[in-house]
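Fold and contact review
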Amino acid sequence: QVQLVESGGGLVQPGGSLRLSCRASGSIFSINAMGWYRQAPGKQRELVAGITTGGRTNYADSVKGRFTISRDNAKNTVYLQMNSLKPEDTAVYYCNADVKRTYLSGSYNYWGQGTQVTVSS
């Protein structure tokens, strides 16, 4: 079994910063892509940022220049540094990872439980 546990969410004022962390644990041989998604009330879940094993990143247009995704492969952890936060960034943020559990297995997609980010004055 594989678990993804997020931390770092909370309430922040507009213009503020937060750093989200997500650690994968359990039966893991390797992790391919990792990413962060978010879902606001009444809206579909959307990709915020993704990162490959080699460090190549991609971002939603709405967060480019404000958010930075990074990972520590030794710790099976992905981070999301969020700066210049806006009220429209308010959502539940979910961690996602593509995991190989053994050398011979295929990759399976896993989700964290989500962490609430609220941007409000």
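Up top you'll find the structure we're talking about.
As a starting point, this report considers the structure included with it.

How each quantity is defined
Throughout, a residue's number is its position along its own chain's written sequence, starting from 1. pLDDT decides what is reported in this predicted model: residues at 70 or higher carry local features, side-chain atom pairs at 80 or more are listed and counted, and totals for whole chains, interfaces and linings draw on all residues regardless. Water and hydrogen atoms play no part in the side-chain values, which are based on all heavy atoms of the structure. A pair of strands is considered paired only if DSSP assigns at least 2 bridges between the two. A run of H or I in DSSP becomes a helix once it reaches four residues, and a run of E becomes a strand once it reaches two; helices and strands are each numbered from the N terminus. As a rule, the C-alpha atoms of each element are fitted with a line to give its axis, helices using only the stretch in contact, and angles between N-to-C directions run from 0 to 180 degrees. For Phe, Tyr and Trp, rings pair up if their centres lie within 6.5 Å, where Trp contributes its six-membered ring, and each pair is then called stacked (planes under 30 degrees apart), edge-to-face (over 60) or tilted (otherwise). In this scheme, Lys NZ or Arg CZ marks a charge over a ring once it lies within 6 Å of the ring centre and within 35 degrees of the ring normal. Note on definitions: a residue-residue contact is assigned when non-hydrogen atoms from the two residues lie within 4.5 Å. The buried label goes to any residue with under 20% of its type's maximum accessible area, the exposed label to any with over 50%, and the partly exposed label to all in between, with areas taken from a 1.4 Å probe on protein chains only. Buried Ala, Val, Leu, Ile, Met, Phe, Trp, Tyr and Cys residues form a nonpolar core when they are joined through side-chain atoms within 4.5 Å.

Turning to the pairing of strand E10 (residues 107–111), a few remarks are in order. Taken together, the 5 bridges between strand E9 (residues 91–100) and E10 define a ladder with antiparallel strand orientation. When the bridges of E10 are listed, Asp-98 appears paired with Asn-109. Between E9 and E10, which follow one another and run antiparallel, lie 6 residues.

The next thing to look at is the sheet that holds strand E8 (residues 77–82). Read across the open sheet, the 4 strands follow the order E1-E3-E8-E7; overall the sheet is antiparallel. The strands lining the two open edges of the sheet, one partner per strand, are strand E1 (2–7) and strand E7 (67–72). When the angles between neighbouring strand axes are averaged without regard to direction, this sheet yields 15 degrees. Here 6 bridges tie E1 to strand E3 (residues 18–26), and the two strands are oriented antiparallel to one another.

Our focus in this paragraph is the packing of aromatic side chains. For any pair of aromatic rings, the description rests on two quantities: the centre-to-centre distance and the angle between the ring planes. Summed over all chains, the structure comprises 3 aromatic pairs. Counting every residue linked through ring pairs, the aromatic cluster contains Tyr-37, Tyr-94 and Trp-111. Against the face of Tyr-79 rests Arg-19, its NZ or CZ located 4.1 Å from the ring centre. Directly above the aromatic system of Tyr-94 lies the positively charged group of Arg-45, at a separation of 3.7 Å from the ring centroid.

Now for the environment of Asp-98. Mapping Asp-98 onto the fold places it in strand E9. Here the alpha-carbon distance between Asp-98 and Lys-64, two residues 34 residues apart in the chain, equals 23 Å. Apart from the residues lying within four places of it in its own chain, the contact partners of Asp-98 are Ser-30, Ile-31, Asn-32, Ala-33, Ser-107, Tyr-108 and Asn-109.

This part takes up unusual backbone geometry. One non-glycine residue, Asn-76, lies in positive phi territory at about 50 degrees. Locating Asn-76 in the fold gives a position in the loop between E7 and E8. The exposure class assigned to Asn-76 is partly exposed, which follows from its relative accessible area of 23%. Residue Ser-84 is not a glycine yet carries a positive backbone phi of 50 degrees. Assignment of secondary structure puts Ser-84 in the loop between E8 and E9.

A separate point is the nonpolar core. Judged by nonpolar contacts, the single largest core of 29 residues is most densely connected at Trp-36, Val-48, Phe-67, Val-78, Leu-80, Met-82 and Tyr-93. Examining the composition of this core, we find that 5 residues originate from one element, E9, more than from any other. If we skip the residues at most four places from it in the chain, Tyr-93 touches Glu-6, Leu-20, Trp-36, Tyr-37, Arg-38, Val-48, Phe-67, Leu-80, Met-82, Gly-114, Thr-115 and Val-117.

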